[in-house]
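Each chain is listed here by its residues.
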Amino acid sequence: MWAYIVRRLLLGVLVLFGVITITFFIVRIIPSDPAARWVGPKATAQQIAEARKELGLDKPIYVQYGRYISGLARGDWGISIRTRQPVLADLKAYIPATLELVIVSMVLALLLGIPLGVTAAVKQDRWPDHFCRFFSVGSVSLPTFWLGMTLQLIFFSRLQLLPIGGRLSDIVRLMSPVEKITGLILLDSLITGNYTAFFDGIKHIILPSLTLAAYPIGLVARMTRSSLLEVLNEDYIRAARAYGLPERTVVLSYALKNAMGPTITVLALSAGYSLVNTFLIEAIFNWPGLGSYAALAVITSDYTAIMGVTIFAACTYVFLNLAADILLAIDPRVRL
């Protein structure tokens, strides 16, 4: 078991090194001048040359690469050209909002996707199965921007039940400010007993989290259904039924536990993907998260910020994959 984890860790380090190297050289060959952006639109040629020297862009590319890797080892992720702040500080400021959104979305995906998949598998080829499959395919196929705007139209414009965007209402932000502990508003407000901000945060996160959860809900439901159908045809399930065990026990205690492996992998990959690909949802719901930061970095050719977001995304993928592999390795049928 430990040898398996060490092998996966070494593979993860290799993947991270490859991602950092490839991204570094690709970002450097993009036709843009970071030095000109650093000094502003009305800079002289001398100012641009000085900025190039200050940023180390006058050195050969392999020297820049060596300095960047050395900086990463010391915890220096560079300075953002757009915000002029350390990239690591920017990431710390933007990640909590996206992390909170992704966590709530993944919880929704689990709570809705698994029951849908189980229902579809147990009621195979009957109307609950057809409905679950239709819902799963529809939730995966719906464009994110369309779903987000439709939810805003229904729950904000028509019903006036939920806010259109943001993490908190202006009045709550002014009258009941949340003391920052983790940066996750729901968790911080709950820890500090600020229930006004907590319930306001719940109202604000419902629509964006539902929009973000739509795709993983469909994916989890489909994966759970197909895995469970395969397990339900195994000999030990037939034996359990032959012994007269209740069908609920057979499905939930024996079959579902052994069918969760692919679902866990899919959910881990969805969470990693969502952490840095929420810019469209964050734009629609005015959510100040990592997706917006990454989108602005690309638009402004902020190569240090692009590198920072890429490294964070790669680390997240590696960690989540490792966690999923360890959970799967608990299953004795998995060959280590």
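Everything numeric in this text was worked out from a predicted model, so none of it was measured. (Residues numbered from 1 in each chain as written. Predicted model: local features only at pLDDT ≥ 70, side-chain atom pairs only at ≥ 80, totals over all residues. Heavy atoms only, no water.)

1. Remarks on the overall build of the protein chain
And then number 1: Looking only at helices and strands, the protein chain has 15 helices and 0 strands in total.
And then number 2: For the protein chain, the spread of C-alpha atoms along the three principal axes comes to 85 × 55 × 40 Å.
And then number 3: Considering only contacts in the protein chain between residues 6 or more positions apart, those separated by 24 or more positions represent 72%.
And then number 4: For the protein chain, the exposed area adds up to about 18500 Å²; of that, 67% sits on carbon and sulfur atoms.
And then number 5: The averaged location of the 21 negative side-chain charges in the protein chain is 3 Å from the averaged location of its 29 positive side-chain charges. (Helix = DSSP H or I, 4+ residues; strand = E, 2+ residues; numbered from the N terminus. Contact = heavy atoms within 4.5 Å. Areas by Shrake-Rupley, 256 points an atom, 1.4 Å probe, with all protein chains shown as cover. Lys, Arg positive; Asp, Glu negative; His and termini not counted. Charge placed at Lys NZ, Arg CZ, Asp CG, Glu CD.)

2. Brief notes about the packing of helix H7 (residues 144-158) against helix H10 (residues 195-232)
And then number 1: With their axes 9 Å apart at the nearest point, H7 and H10 run at an angle of 145° to one another. Remark: the crossing between H7 and H10 carries right-handed chirality. Of H10, the residues touching H7 (which contributes Thr-144, Leu-147, Gly-148, Leu-151, Gln-152 and Phe-155) are Leu-207, Leu-210, Thr-211 and Ala-214.
And then number 2: Of the residues assigned to the contact of H7 with H10, the class counts are 6 nonpolar, 4 polar and no charged. (Axes fitted to C-alpha atoms, helices over the stretch in contact; angles between N-to-C directions. Left-handed = near helix turned anticlockwise from the far one by under 90°. Nonpolar A, V, L, I, M, F, W, Y, C, P; charged D, E, K, R; others polar.)

3. Some words on the side chain of Ser-105
And then number 1: Relative to the helices and strands, Ser-105 is located in helix H5 (residues 87-122).
And then number 2: Sequence-distant contacts of Ser-105, defined by excluding residues within four places in its chain, comprise Ser-209, Leu-212 and Ala-213.

4. Description of the packing of aromatic side chains
And then number 1: Applying the stated criterion across every chain, the model contains 7 aromatic pairs.
And then number 2: With centroids separated by 4.9 Å and ring planes inclined at 25°, the aromatic side chains of Tyr-94 and Tyr-293 adopt a geometry described as stacked. A residue pair is termed long-range when its members are at least 10 positions apart, and Tyr-94 in helix H5 and Tyr-293 in helix H14 (residues 290-299) qualify at 199 residues.
And then number 3: Residue classification places Tyr-94 among the partly exposed positions, given a relative accessible area of 24%.
And then number 4: Here Tyr-293 falls in the buried class, since its relative accessible area comes to 1%.
And then number 5: Every member of this aromatic cluster is reached through a ring pair, and the members are Phe-24, Phe-25, Tyr-65 and Tyr-68.
And then number 6: Its guanidinium or amino end placed over the ring of Trp-38, Arg-84 lies 4.4 Å from that ring's centre, counting from NZ or CZ. (Phe/Tyr/Trp six-rings, centres within 6.5 Å; stacked < 30°, edge-to-face > 60°. Buried < 20%, exposed > 50% of the residue type's maximum accessible area, 1.4 Å probe, protein only. Lys NZ or Arg CZ within 6 Å of the ring centre and 35° of its normal.)

5. Quick notes on the environment of Leu-11
And then number 1: Tracing the sequence through the fold places Leu-11 in helix H1 (residues 2-28).
And then number 2: By relative accessible area, which is 41% here, Leu-11 ends up partly exposed.

6. Here's the deal with the packing of H1 against helix H4 (residues 61-73)
And then number 1: Packing of H1 against H4 leaves a shortest axis separation of 11 Å and a crossing angle of 135°. With respect to H4, the axis of H1 lies oblique. The two elements H1 and H4 meet at a crossing, and its hand is right-handed. Taking contact as the criterion, the partners of Phe-17, Ile-20, Thr-21, Phe-24, Phe-25 and Arg-28 in H1 are, on H4, Ile-61, Gln-64, Tyr-65, Tyr-68, Ile-69 and Leu-72. (Parallel < 35°, antiparallel > 145°, perpendicular 65-115°, else oblique.)

7. A short note on the UniProt feature "transmembrane region" (unreviewed entry) in the protein chain
And then number 1: The feature "transmembrane region" (unreviewed entry), as given by UniProt, occupies residues 9-30, 101-122, 134-155, 202-221, 264-285 and 305-330 in the numbering adopted here.
And then number 2: Regarding residues 101-122, the helix share stands at 100% and the strand share at 0%, and the terminal C-alpha atoms are separated by 32 Å.
And then number 3: Between the end C-alpha atoms of residues 202-221 there is a gap of 25 Å, over a span that is 100% helix and 0% strand. (UniProt positions renumbered as here; feature names shortened; annotations may be inferred.)

8. Quick notes on the environment of Phe-135
And then number 1: If you trace the backbone, Phe-135 turns up in helix H6 (residues 127-141).
And then number 2: Relative accessible area serves as the criterion here: at 35%, Phe-135 is assigned to the partly exposed category.
And then number 3: Counting along the chain gives 83 residues from Phe-135 to Gly-218, while the straight-line C-alpha distance between them is 7.1 Å.
And then number 4: Apart from the residues lying within four places of it in its own chain, the contact partners of Phe-135 are Leu-116 and Ile-217.

9. Comments concerning a nonpolar patch on the surface
And then number 1: A surface patch of nonpolar side chains, amounting to about 590 Å² of accessible area, comprises Leu-142, Phe-145, Trp-146, Met-149, Phe-279 and Leu-280.
And then number 2: The set of elements that each furnish at least two residues to the nonpolar patch consists of H7 and helix H13 (279-284).
And then number 3: With 3 residues, H7 is the single largest residue contributor to the nonpolar patch.
And then number 4: Among the structural elements, Trp-146 can be located in helix H7.
And then number 5: By relative accessible area, Trp-146 is classed as partly exposed at 45%. (Patch = residues over 30% accessible without salt bridge, like charges linked within 9 Å, V, L, I, M, F, W, Y side chains within 5 Å. Salt bridge = Lys/Arg side-chain N within 4 Å of Asp/Glu carboxyl O.)

10. Digging into the pattern of salt bridges
Side-chain pairing between opposite charges can occur once the charged atoms of the two side chains come close.
And then number 1: Across all of its chains, the model carries 6 salt bridges by this definition.
And then number 2: With a closest N to O distance of 2.9 Å, Asp-129 and Arg-225 form a salt bridge. Placement of the pair is Asp-129 in helix H6 and Arg-225 in helix H10, with a sequence separation of 96 residues.
And then number 3: Its relative accessible area of 13% is what places Arg-225 among the buried residues.
And then number 4: Salt-bridge contacts for Asp-235 lead to Arg-238; the nearest nitrogen and oxygen are separated by 2.8 Å.

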